[in-house]
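Results of the structural survey
One letter stands for each residue in the lines below.
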Amino acid sequence: MSTILVLNSSLSGEASVSNILVADTLAALKASHPGAKVITRDLASNPLPHLTPATVAGVRTVASTPAEIEARALADGLVAELNAADVVVIGAPMYNFSIPTTLRAWFDHVVRPGVTFTYEGGAPKGLVANKPVIVVEARGGLYSEGPARAVDFQEPYLRHLLGFIGLTDVTFIRAEKIGYGPEARDAAIAGAKAEIARVLARDLPKAA
Ligand SMILES: Cc1cc2nc3c(=O)[nH]c(=O)nc-3n(C[C@H](O)[C@H](O)[C@H](O)COP(=O)(O)O)c2cc1C
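The following paragraphs examine the structure supplied in this document. (Residues numbered from 1 in each chain as written. Predicted model: local features only at pLDDT ≥ 70, side-chain atom pairs only at ≥ 80, totals over all residues. Heavy atoms only, no water.)

**Focus: the site of the ligand**
Note the cut-off: Working definition: residue near molecule or strand if any one of its non-hydrogen atoms lies within 4 Å of it. Whenever two N or O atoms come within 3.5 Å, that pair is a polar contact, provided that in protein one can donate a hydrogen and the other can accept it, and provided that, for residues adjacent in sequence, both atoms are side-chain atoms. In short, Shrake-Rupley with a 1.4 Å probe defines the accessible areas, and a residue's cover is counted only from the protein chains shown. Under the convention adopted here, Pro, Cys and the residues Ala, Val, Leu, Ile, Met, Phe, Trp and Tyr are nonpolar, Asp, Glu, Lys and Arg are charged, and Gly plus all remaining residues are polar.
By nearness alone, 16 residues border the ligand, and Ser10, Ser16, Ser18, Met94 and Phe97 come closest of all. Note that a nitrogen atom of the ligand is positioned 2.8 Å from one of the backbone N or O atoms of Asn96. At a separation of 2.8 Å, an oxygen atom of the ligand approaches a polar backbone atom of Phe97. When the free accessible area of the ligand is taken as 620 Å², the share hidden by the protein chains comes to 72%. Residues that form the shell around the ligand fall into these classes: 8 nonpolar, 7 polar and 1 charged.

The following block contains the structure:
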């Protein structure tokens, strides 16, 4: 493994559970792959712009105005980072039952016809070379079981988006019940850290 792409998207800085767990994942990856290059995008402190008419024109037609050329360069750069990565680590808080808009903006720039996906025989085909993706999810409530499962628009959405561009080797690490108080938060972090250690020991050396 030579390159690790890290995407953080929590607004909570050092208090963020997903940031803590992404840092834990990254530390473990770096320990087992000391020479790896790390590309980090903190989408909360350095948010990508929302798509604009210039973005769509620049990316989906021939970029001609300065705004279109700039938008094209940004999108191409983000795709290049993704393509260069051997492993992708994503920190994804649950916001309003889904993902932060900053993370959604990253997908908006990266999910591009003819570049990261196409259609073949009427079926979608991802164009990004498959690679391990670890998604750390932090949620205030409990969604992996029970009545709120039906309103988890975070994990199924991320699984679909990643798979749509070819990334099907996705491991979700869940830290749930963060909003239930400090003890529940600590237990969720400890459980997620143990899961990260298990996943990295089991899967990544052969997958990456
Ligand atoms: C804007 C916002 C929206 C949220 N929406 C939800 C939600 O829909 N469901 C939920 O269980 N928790 C929700 N939460 C709680 C977060 O998922 C929880 O605090 C989680 O730990 C956030 O991840 P982080 O600690 O990495 O920032 C929300 C928090 C914020 C700030």
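**Comments concerning a nonpolar patch on the surface**
We count it as follows: A residue counts toward a patch only above 30% relative accessible area and without a salt bridge, and it is joined to like-charged neighbours within 9 Å or, for Val, Leu, Ile, Met, Phe, Trp and Tyr, to nonpolar neighbours within 5 Å. A pairing counts as a salt bridge when a side-chain nitrogen of Lys or Arg comes within 4 Å of a carboxyl oxygen of Asp or Glu. Comment: elements are numbered from the N terminus, with helices defined as DSSP H or I runs of at least four residues and strands as E runs of at least two. When a residue's accessible area, from a 1.4 Å probe over protein chains only, is under 20% of the maximum for its type it is buried; when over 50% it is exposed; and in between it is partly exposed.
Where nonpolar side chains cluster on the molecular surface, the patch consists of Phe97, Val151 and Phe153 and spans about 260 Å² of accessible area. Looking at the secondary structure, you find Val151 in the loop between strand E6 (133-138) and helix H5 (155-164). On the basis of relative accessibility, which here comes to 31%, the residue Val151 falls in the partly exposed class.

**Brief notes about the sheet that holds strand E1 (residues 3-8)**
Our working definition: Here the rule is simple: two strands pair whenever DSSP picks up at least two bridges between them. Interaxial angle, 0 to 180 degrees, is taken between N-to-C directions of lines fitted to C-alpha atoms, where a helix line uses only the stretch in contact.
Taken together, the 5 strands give an open sheet; going across it, the order is E2-E1-E3-E6-E7, and neighbouring strands pair in parallel fashion. In the strand order of this sheet, the two ends are held by strand E2 (37-42) and strand E7 (170-175), each with one partner. Averaged over all pairs of adjacent strands, the angle between their axes in this sheet comes to 15°, without regard to strand direction. Relative to strand E3 (residues 87-93), E1 runs parallel, the two being bridged by 4 bridges. For Ile4, the partnering residue across the bridge sits in E3 and is Val87.

Bear in mind that shape data such as this cannot, by itself, settle questions of function.
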